[in-house]
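One letter stands for each residue in the lines below.
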Amino acid sequence: MSESKPESARHPALDYHEFPKPGKLEIRATKPLANGRDLSRAYSPGVAEACLEIKAEPTNASRYTARGNLVGVVSNGTAVLGLGNIGALASKPVMEGKAVLFKKFAGIDCFDIELNEPDPEKLAEIVCALEPTFGAINLEDIKAPDCFVVEKICRERMNIPVFHDDQHGTAIVVGAAATNALRVAGKSFEEIKIVSTGGGAAGIACLNMLVKLGVKRENIWLCDIHGLVHEGREEDMNPQKAAFAQPSDKRTLDDVIEGADLFLGLSGPNVLQPEMVAKMADRPIIFALANPYPEIMPDLAREVAPNAIIATGRSDFPNQVNNVLCFPFIFRGALDVGATTINDEMKIACVEGIAALARATTSAEAAAAYKGEQLTFGADYLIPKPFDPRLSGVVSTAVAKAAMDSGVATRPLPDLVAYKERLKASVFKSALLMRPVFEAAATAARRIVFAEGEDERVLRAAQAILEETTETPILIGRPEVIATRCERLGLKIRPEQDFNIVNPENDPRYRDYWGTYHQIMARRGVTPDIARAIMRTNTTAIGAVMVHREEADSLICGTFGEYRWHLNYVMQVLGDDQHYPHGALSLMILEDGPLFIADTHVWSLPTPEQIAQTAIGAARHVRRFGLEPNIALCSQSQFGNQAEGSGKRLREAIAILDSEPRDFCYEGEMNADVALDEELRERQLPGNRMKGAANVLIFGHADAASGVRNILKAKGGGLEVGPILMGMGNRAHIANSGITTRGLLNMAAIAGTPVAQYG
């Protein structure tokens, strides 16, 4: 008998937590611990020096320990989402999960701490005692009203941020979603009526946030399990609820829902009935956030209010209100400026940052993570998706600035622009290495023609090029297709307004293009009819002709198809005595730094002359990234121990390089492990000319270079920039079919560098 759906989901979830080792966290050392010297520095006696520096100046803890990037996730398990009071031990998987999210989305380290302490004052005492360990505290899943007591005591006594995410994280994301929902509905905070169900910590915090955003307190009607919170009510009341008590004789949700602009539900399933929705104002906003079953299912709400704007807490409906949009980034900003608290200014900055990001063009990375979903600002896209990589830079920077402006930052940042760039580099692994290339590209406005202009990645890259560079994209493709796809993808760019188009089916320059191509190829068997056909169907050839005719400065092609097929047409049109391929160079960005690989694509079995040219070209291009080339010519042969094969060709290439003075370091032939390990290399050939690890590996066979490149991508977590087609005067680059939008943007920056500066 087949498993039920819940059972089929249960086993994979349990396996995820159990294998290959129990739990979701581990501790890893960030410093080497390989010998006695390392041990003496990590522990006794060297550790005493760091201790004394902190004793003399407590703020040095953020210099010499992990405290400045360490958050404690603390719970007593009394109000675990969807599970209730399950106790501290049973809550541990949730807290581990929270710690993993901190690390994944913001690079923040965490310890999860589960405490067997139901008394809120005693719980607060324990948390306060943890202050020396952490840079901030995230309170989690503590029942109301105890959570209010714990947070109040901790905030008063601790000099680090204390943030109850169930309250304030939810409130921030609700605030961002409401900001954009009102924009879509054409309403304002100051005029709307809100009806809310659920008087717990999250519900109260959301209402307080909405008041801060402009909602009038008298326009808020709060209901709980006992009905309307009203003046004079004594049952199940506390000061937090009482702040929203209405002077009214109405008593039920049905009594107060009429004319409501916004329903905010943080209660339980089926609380809001369709007939209640029918009483709401035109274009109602319904935030049914109970999990896993909302106060009303979206389809039922739309039966009576087709134009309703709806958000839930579930990922299988649009507009999931998810705290992960907030807590990693508000903590990131707070930690980085040494904030002593998280105040209202920082929370509102977080609201505004999240809301603004949803209104901006969707990132290509978010689109890739959520294939098939419409990520265009509107009723079904009010807030960004959790995997939008821009959240860190935008939201954390806004929070850091607010902390500085409001005076709670103990380590103000000198340059917020540079800080945002650092955050961007932590998300996009290529950003830091690509910075010198982007800076060089900014010195000239070059025209980049993309052969596959209808491809989604190219369209997104064109948007990014216009936003981040001085280059002008030219797209080859059918205008109506490009316009439709830009609209569907939610891109702001439009054909002919923001970029030029070459229509292969109907372009006024068609006769000029096929005539140019025929003139180049007439003595190589290409007839006028063939030239006409190629200029109607072959976008790579069209782009190459444009560069030849100086209507574009560089061509980027290859988002589909085979590399050498594209190279053939590039060489036909653009190859000459001054422009001839010296190989393809791929930059692999790895955890321990960059590594360049060549020749990955051009020469299957390169000659010694071609290998030498590859080395010369690689040295020139490596310097574009602000790095000094350290080039190893790699083979199965080890410093002459094999007479034939690639070793012989590499030795001859070394001789060619030795024939003239070179301004870069090179050595070979050697195995790849010897190239990367100086100690091993010294044992093989003492006194060799290379110092340190090689940062460029050049192979004597394309199979070897391509194999290493692919292994580093698939198993080594490497991110590729390139391949860079060397020797063509920066007039053409051929991508791999698996390239991302970010990869195309990087390639455009490489193509956008002035030829006079880099050949």
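Our structure is the block above this text.
Below: a short report on this structure. (Residues numbered from 1 in each chain as written. Predicted model: local features only at pLDDT ≥ 70, side-chain atom pairs only at ≥ 80, totals over all residues. Heavy atoms only, no water.)

### Details of the packing of aromatic side chains
Counted under the stated rule, the structure contains 9 aromatic pairs. Both rings, one in Phe163 and one in Phe331, keep their centres 5.6 Å apart while their planes meet at 85°; by these two values the pair is edge-to-face. Remark: Phe331 occurs in helix H14 (residues 327-336) and Phe163 occurs in strand S4 (residues 162-164); sequence separation between them is 168 residues. Residue classification places Phe331 among the buried positions, given a relative accessible area of 0%. When the centroid spacing of 5.6 Å and the interplanar angle of 55° are considered together, the rings of Phe664 and Tyr666 count as tilted. Note on Tyr666: relative accessible area 6%, which makes it buried. Grouping aromatic residues by their ring pairs yields a cluster made of Phe102, Phe163, Phe327 and Phe331. Over the aromatic face of Trp221 sits the side chain of Lys193, whose NZ or CZ is 5.5 Å from the ring centroid. (Phe/Tyr/Trp six-rings, centres within 6.5 Å; stacked < 30°, edge-to-face > 60°. Helix = DSSP H or I, 4+ residues; strand = E, 2+ residues; numbered from the N terminus. Buried < 20%, exposed > 50% of the residue type's maximum accessible area, 1.4 Å probe, protein only. Lys NZ or Arg CZ within 6 Å of the ring centre and 35° of its normal.)

### Description of empty space enclosed by the protein
For the structure on display, the rule yields 1 cavity of 30 Å³ or more. Roughly 50 Å³ of internal volume is contained in the largest cavity. As for the largest cavity, its lining consists of Val502, Asn503, Pro504, Asp507, Tyr510, Tyr513, Met535 and Ile542. Considered class by class, the residues forming the lining of the largest cavity number 6 nonpolar, 1 polar and 1 charged. (1 Å grid on protein atoms, 1.4 Å probe; cavity = no way out; pocket = protein on both sides within 12 Å on 5 of 7 lines; lining within 4 Å. Points joined across faces, edges and corners; volume = space filled by probe spheres on them. Nonpolar A, V, L, I, M, F, W, Y, C, P; charged D, E, K, R; others polar.)

### Quick word on the sheet that holds S4
Pairing in this open sheet of 4 strands is parallel, and the strands run S2-S1-S3-S4 from one edge to the other. Of all the strands in the sheet, just strand S2 (109-114) and S4 have a single pairing partner and so form its edges. Shown here is a sheet whose adjacent strand axes are inclined to one another by a mean of 20°, direction ignored. Two elements, strand S3 (residues 136-139) and S4, share 3 bridges in a ladder whose sense is parallel. Residue pairing in the sheet places Leu139 in a bridge with His164 of S4. Across the sheet, helix H5 (residues 92-106) lies against strand S1 (70-75), S2 and S3, angled at about 165° from S2, the strand it touches most. (Pairing = 2+ DSSP bridges. Axes fitted to C-alpha atoms, helices over the stretch in contact; angles between N-to-C directions. Contact = heavy atoms within 4.5 Å.)

### Section: helix H15 (residues 344-359)
Its 16 residues give H15 an end-to-end C-alpha distance of 23 Å, which sits within 8% of 22 Å, the value for a rise of 1.5 Å per residue. Burial in H15 covers these residues: Met346, Lys347, Ala349, Cys350, Val351, Gly353, Ile354, Ala355, Leu357 and Ala358. Where H15 starts, the residue carrying a side-chain oxygen 3.3 Å from the main-chain nitrogen of Glu345 turns out to be Asn343. (Expected span 1.5 Å × (residues − 1). Polar contact = N/O pair within 3.5 Å; in protein donor to acceptor, adjacent residues only side chain to side chain.)

### Observations regarding the packing of helix H26 (residues 608-622) against helix H27 (residues 646-658)
H27 packs onto H26 with a crossing angle of 60° between their chain directions and a minimal axis gap of 8 Å. Our classification of the angle between H26 and H27 gives oblique. The hand of the H26/H27 crossing is right-handed. Between H26 and H27, the contacting residues are Pro608, Glu609, Ile611, Ala612, Ala615 and Ile616 on the first element and Arg649, Leu650, Glu652, Ala653, Ile656 and Leu657 on the second. Grouping the amino acids of the contact of H26 with H27 by side-chain chemistry returns 9 nonpolar, no polar and 3 charged. (Parallel < 35°, antiparallel > 145°, perpendicular 65-115°, else oblique. Left-handed = near helix turned anticlockwise from the far one by under 90°.)

### Considering the side chain of Glu96
Within the secondary structure, Glu96 is located in helix H5. Salt bridges are absent for the buried Glu96, whose nearest opposite-charge side chain, Lys92, sits at 4.2 Å. Those residues in contact with Glu96, other than ones at most four positions away along the chain, are Gly23, Lys24, Leu25 and Asp112. (Lys, Arg positive; Asp, Glu negative; His and termini not counted. Salt bridge = Lys/Arg side-chain N within 4 Å of Asp/Glu carboxyl O.)

### Digging into the packing of helix H22 (residues 510-521) against helix H25 (residues 563-574)
The N-to-C vectors of H22 and H25 enclose an angle of 85°; their axes lie 9 Å apart at closest approach. The angle between H22 and H25 falls in the class roughly perpendicular. Contact with H22, carried on its side by Tyr517, Ile520 and Met521, involves Tyr569, Gln572 and Val573 of H25 and no other residues of that element. Broken down by class, the residue content of the contact of H22 with H25 amounts to 5 nonpolar, 1 polar and no charged.

This is a description of form; function is not addressed.
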